[in-house]
Amino acid sequence: MAEKRENIRHSENLGTVGMILQPFLIYYIIRFITVIMLTYLVTITVQKAGGAVEALFTEQEATVNAIIGGIAMLAGILPLLLDFRREIKKHNKRNDRKAVDAGMVRTLFRILITITLAFTSSIAINILFISLHLTENSASYSQVAAHQYGVFFPIGLFLYGVVSPLAEEVVFRGILYNRMKKTLPAALSLVLSALLFGLYHGNIVQAAYGFLMGMLIAYTYEKCGDFLFAFLFHAAANISVYVITGSPVLYERFITWQNGIFLAAISVMLLLLLHFRDSFRR
């Protein structure tokens, strides 16, 4: 009898893990297949066109690949939108976030805090990683960075500042984090969803950065109570890093250990303000 109960419990645990990971696997597989298909179609089309068209696409290879990646991300979340909508509704109902619609001033104040925290924390963490020489010692990270900054800037800004945050937040906070909270404590769900978010990015440097930022995004989402804030945080962080680390002038002015300490201190104060959120929700 005890063995039977143990088998039932084991099956339930496996079912729970499957329920949590299924959206990620669907997203990843569809995204992967879409990249392969679009890359093949573009390659065949360009080869047939030849001449100036082939030369142009070869010159803008990084931009073309980034666009393909962005389209693949959006394709990956399409079959998950119904699940996303259900999870968001359940999240709002569980947390009773009536204060979200309490007034424009309070909402704008939360938006300001979210964007500012995203800026200060993302740049502070980047300064930390650069100071520890983590970025320059990672060949895989250097390869990814070279690809990202090889993209035509306005397109890169849109892809990394809008498309990527939207797709990833739908998967990792909108669905995975909310599903985890059904069976796990909120704190553990926050850490585990952030861990998956970090591992999703591949190389060690981006995995560590993604883990830290994933925890901050989930925490902000939990405290502010609306998916909008998770997206805004992610978008603001991506845009901040993409613009500052991609510009030699801004990089020289912002990326210093003094600024890192200052921005980290601001981040801590903003996190404390979020923690005691009732001070600006009532």
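Look up: the structure comes first, before these words.
Structure report, in brief. Here the structure is a predicted model, which means the values were calculated and not measured.

What counts, and at which threshold
- Residue indices begin from 1 for each chain and proceed along its sequence in written order.
- Since the coordinates come from a predicted model, pLDDT governs what is reported: local features require at least 70, and pairs of side-chain atoms require 80 or more to be given and counted, while whole-chain, interface and lining totals use all residues.
- Calculated side-chain values reflect all of the structure's heavy atoms, with hydrogen atoms and water omitted.
- Helix axes use the C-alpha atoms of the stretch in contact, all axes being lines fitted to C-alpha atoms, and the angles between their N-to-C directions lie in the range 0 to 180 degrees.
- Each helix is a run of H or I in the DSSP string that is no shorter than four residues. Each strand is a run of E no shorter than two, and both are numbered from the N terminus.
- When the near helix sits turned anticlockwise from the far one by under a right angle, the crossing is termed left-handed; a clockwise turn instead gives a right-handed crossing.
- Contacts are assigned to residue pairs with any non-hydrogen atoms lying within 4.5 Å of each other.
- Polar here means any residue other than Ala, Val, Leu, Ile, Met, Phe, Trp, Tyr, Cys and Pro, which are nonpolar, and Asp, Glu, Lys and Arg, which are charged; Gly is therefore polar.
- Note on classification: 1.4 Å probe, protein chains only; a residue is buried when its accessible area is under 20% of the maximum for its type, exposed when over 50%, partly exposed between these limits.
- Only buried residues count toward a nonpolar core, which is a set of Ala, Val, Leu, Ile, Met, Phe, Trp, Tyr and Cys residues joined through side-chain atoms within 4.5 Å.

1. Thoughts on the packing of helix H9 (residues 204-224) against helix H12 (residues 257-275)
At a closest axis distance of 10 Å, the pairing of H9 and H12 adopts a crossing angle of 35°. Handedness of the H9/H12 crossing: left-handed. Taken together, the residues of H12 that come into contact with H9 (itself represented by Leu-216, Tyr-219, Thr-220, Lys-223 and Cys-224) are Leu-271, Leu-274 and His-275. Residues of the contact of H9 with H12, tallied by class, amount to five nonpolar, two polar and one charged.

2. Regarding the environment of Ala-139
You can see Ala-139 is positioned in helix H6 (residues 139-148). With a relative accessible area of 64%, Ala-139 lands in the exposed category. Remark: the alpha-carbon pair of Ala-139 and Asn-203, spanning 64 residues in sequence, is separated by 9.1 Å.

3. Quick word on the nonpolar core
One finds Tyr-27, Val-171 and Phe-227 to be the most contacted residues of the largest nonpolar core, which totals 52 residues. Not counting residues within four places of it along the chain, the set of residues in contact with Tyr-27 comprises Met-73, Gly-76, Ile-77, Leu-80, Ala-167, Glu-168, Val-171 and Tyr-200. In this structure, Val-151, Leu-159, Tyr-160 and Val-163 belong to the second largest nonpolar core, which totals seven residues.

These figures capture arrangement, not role.
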